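What follows is the residue order along each chain.
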Amino acid sequence: MSYASPSRYREMEVLAMQPAQRVVLLYSHLLVLLRQARRHLERGEIEQRGERLFRAEEIVRELQVSLNHEVGGELAGRLANLYTWMVSEFAGVHARPDLERLDAVTKIVAELYEAWQSAALQVLGQSA
């Protein structure tokens, strides 16, 4: 008997989620990575900080390419600009480690996470 690997199971679980739930999951992972990057920055752990910021950038780029500008209109455009700014800030923190700069991005991501989480709950409530 063959069993799916845990990563395959997780992949199937993510694919079964509503789009809003996937966005919440991405923001959740993004927050974790930014908080880890902060700890590594504080400790002077350059390689680990860089790895976390690189993974955070991958998530932001995924969020960016998933924007639907036709449906999202002005909001999608603003999010695209915000995501571009975030990637720029990550590059800035790579070049010149700065807790305040990283904290500013983390604060915005936390606010967006809460907003998406609230929206996902509303969508789930309407579809139930």
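(A) The arrangement of the overall build of the chain in detail. Across its full length, the chain carries five helices and zero strands. Relative to its full complement of 128 residues, the chain shows a buried share of 33%. Once local pairs closer than 6 in sequence are excluded, the contacts in the chain between residues at least 24 apart make up 60%. If you sum the accessible surface of the chain, you get close to 8,400 Å²; carbon and sulfur atoms cover 54% of it.

(B) Spotlight on the layout of surface pockets. The space that makes up the largest pocket amounts to roughly 550 Å³. At the level of secondary structure, the elements contributing two or more residues to the lining of the largest pocket comprise α2 (19-43), α3 (46-65), α4 (69-95) and α5 (99-127). In terms of residues, the lining of the largest pocket owes the most to one element, α4, which gives six residues. Split by residue class, the lining of the largest pocket holds 14 nonpolar, four polar and two charged.

Rules used in this analysis
- Residues numbered from 1 in each chain as written.
- Predicted model: local features only at pLDDT ≥ 70, side-chain atom pairs only at ≥ 80, totals over all residues.
- Heavy atoms only, no water.
- Helix = DSSP H or I, 4+ residues; strand = E, 2+ residues; numbered from the N terminus.
- Buried < 20%, exposed > 50% of the residue type's maximum accessible area, 1.4 Å probe, protein only.
- Contact = heavy atoms within 4.5 Å.
- Areas by Shrake-Rupley, 256 points an atom, 1.4 Å probe, with all protein chains shown as cover.
- 1 Å grid on protein atoms, 1.4 Å probe; cavity = no way out; pocket = protein on both sides within 12 Å on 5 of 7 lines; lining within 4 Å.
- Points joined across faces, edges and corners; volume = space filled by probe spheres on them.
- Nonpolar A, V, L, I, M, F, W, Y, C, P; charged D, E, K, R; others polar.

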